[in-house]
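Each chain, written out:
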Amino acid sequence: MTRVLLADDQELVRAGFRLILERAGMDVVGEAANGEEAVTLAGELSPDVVLMDIRMPVLDGIGATRRVLAECDPAPRVLALTTFDLDEYVYEVVRAGASGFLLKDVSPTDLVHAVGVVARGEAMLAPAVTARLLERFTQRPLGGPSPVVASLTDRELEIVRLIARGHSNSEIGQELFLSEATVKTYASRLLTKLALRDRVQVAVFAY
């Protein structure tokens, strides 16, 4: 059973998420009303996943994510919650170590799916947020390719782009006519080559 800690300063939001997750068979082990409480409870309760609101009092979700991953052993996975007007925070929470991000108005089905995906050690990108980020960054002036990008092979660039679109290893394999094991090898090599932690950071790098 997946153990989840809820961190959000709105009690009504926490209550709604608890109801949705418990109905799906997950175990909500605790609730935190601010980032400091989230850090404390994550250390005490050892959840598998922390559902972390970015904007909270005392300590925001970015700082709380950074501390949870640094101080908890074993460290849980962190799934950040954001809204359209918080795009500037998405990069910071991913850099802090979050395994993905969702919109706060996520549907019950998508919430359960996202928590399950993150609990399995995979990354979760909300398509709407990803599209918004892409739109924003395509409006920026472009410079030449960085040395890191220039070092990637054409096949590696293809895989980076597909990861950024949210494709799984099996979906990438089908599109590029590669075995899933080969895609996993490429993905692992990319993380090392780009000095990134997981697929979420690969997507942010791609954009």
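What counts and how
- Residues numbered from 1 in each chain as written.
- Predicted model: local features only at pLDDT ≥ 70, side-chain atom pairs only at ≥ 80, totals over all residues.
- Heavy atoms only, no water.
- Helix = DSSP H or I, 4+ residues; strand = E, 2+ residues; numbered from the N terminus.
- Contact = heavy atoms within 4.5 Å.
- Core = buried A, V, L, I, M, F, W, Y, C linked by side-chain atoms within 4.5 Å.
- Buried < 20%, exposed > 50% of the residue type's maximum accessible area, 1.4 Å probe, protein only.
- Polar contact = N/O pair within 3.5 Å; in protein donor to acceptor, adjacent residues only side chain to side chain.
- Pairing = 2+ DSSP bridges.
- Phe/Tyr/Trp six-rings, centres within 6.5 Å; stacked < 30°, edge-to-face > 60°.
- Lys NZ or Arg CZ within 6 Å of the ring centre and 35° of its normal.
- Salt bridge = Lys/Arg side-chain N within 4 Å of Asp/Glu carboxyl O.

**Student:** Outline the environment of Leu 41, listing residues and values.
**Tutor:** Here Leu 41 shows up in helix α2 (residues 35–45). Placed twelve residues apart in sequence, Leu 41 and Val 29 show a C-alpha to C-alpha distance of 9.1 Å. With sequence-adjacent residues up to four places away left out, Leu 41 is seen in contact with Leu 5, Glu 31, Ala 32 and Ser 46.

**Student:** Describe the environment of Leu 45, listing the residues and the values that go with them.
**Tutor:** In this fold, Leu 45 is placed in helix α2. With 15 residues separating them in the primary sequence, Leu 45 and Gly 30 have C-alpha atoms 7.6 Å apart. Excluding residues that lie within four positions of it along the chain, Leu 45 makes contacts with Arg 3, Leu 5, Val 29 and Gly 30.

**Student:** Would you mind going over the nonpolar core in detail, with residue names and values included?
**Tutor:** Judged by nonpolar contacts, the single largest core of 50 residues is most densely connected at Leu 51, Met 52, Leu 79, Leu 102 and Val 115. In terms of residue count, helix α5 (residues 108–119) provides more of this core than any other element does, five residues in total. The residues contacting Met 52, other than those within four sequence positions of it, are Ala 7, Ala 38, Gly 61, Ala 64, Thr 65, Val 68, Val 78, Leu 79, Ala 80 and Leu 81. Membership of the second largest hydrophobic core comes to 13 residues, among which are Val 160, Leu 162, Ile 163 and Leu 196.

**Student:** Quick one: what's the story with helix α3 (residues 61–71), residue by residue and with numbers?
**Tutor:** Taken together, the buried positions of α3 are occupied by Gly 61, Ile 62, Gly 63, Ala 64, Thr 65 and Val 68. The N-cap residue of α3 is Asp 60: its side-chain oxygen and the backbone nitrogen of Ile 62 are 3.1 Å apart.

**Student:** Can you explain the pairing of strand β4 (residues 77–82)? Please cite residues and give values.
**Tutor:** Most of β4 sits out of view: six of its six residues are buried. Side-chain alternation along β4 places Arg 77, Leu 79 and Leu 81 on one buried face and Val 78, Ala 80 and Thr 82 on a second face that is also buried. Bridge analysis of strand β3 (residues 49–53) against β4 gives five bridges, and the strand direction is parallel. Along β4, the bridge assignment pairs Val 50 with Val 78.

**Student:** Give me the packing of aromatic side chains: which residues, what numbers.
**Tutor:** The geometry of an aromatic ring pair is captured by the separation of the ring centres together with the interplanar angle, meaning the angle of the planes. Tallying each qualifying case throughout the model produces zero aromatic pairs. Stacked on the ring of Tyr 186, the Lys or Arg Arg 189 has its end atom at 5.3 Å from the ring centre.

**Student:** Residue-level account of the side chain of Ser 99, with values.
**Tutor:** You can see Ser 99 is positioned in the loop between α4 (87–95) and β5 (100–103). The class for Ser 99 is buried, based on a relative accessible area of 1%. Only 3.1 Å separates the side chain of Ser 99 from the side chain of Arg 77, close enough to count as a polar contact. Excluding its chain neighbours within four sequence positions, the residues that come into contact with Ser 99 are Arg 77, Val 78, Val 118, Glu 122, Ala 123, Met 124, Arg 197, Asp 198 and Val 200.

**Student:** Can you lay out the pattern of salt bridges for me, pointing to particular residues and giving the numbers?
**Tutor:** For the structure shown, the criterion picks out ten salt bridges. Across the pair Glu 36 and Arg 67 runs a salt bridge, and its minimum N-O distance is 3.0 Å. Placement of the pair is Glu 36 in helix α2 and Arg 67 in helix α3, with a sequence separation of 31 residues. Judged by its relative accessible area of 28%, Arg 67 is partly exposed. Here the salt bridges share partners, and the residues they tie into one network are Arg 14, Arg 18, Glu 22 and Glu 31.

**Student:** Tell me about the side chain of Asn 169, and name the residues and values.
**Tutor:** By the secondary structure assignment, Asn 169 is in helix α9 (residues 169–176). Beyond its immediate chain neighbours, meaning those up to four positions away, Asn 169 contacts Glu 180, Val 183, Lys 184 and Arg 199.

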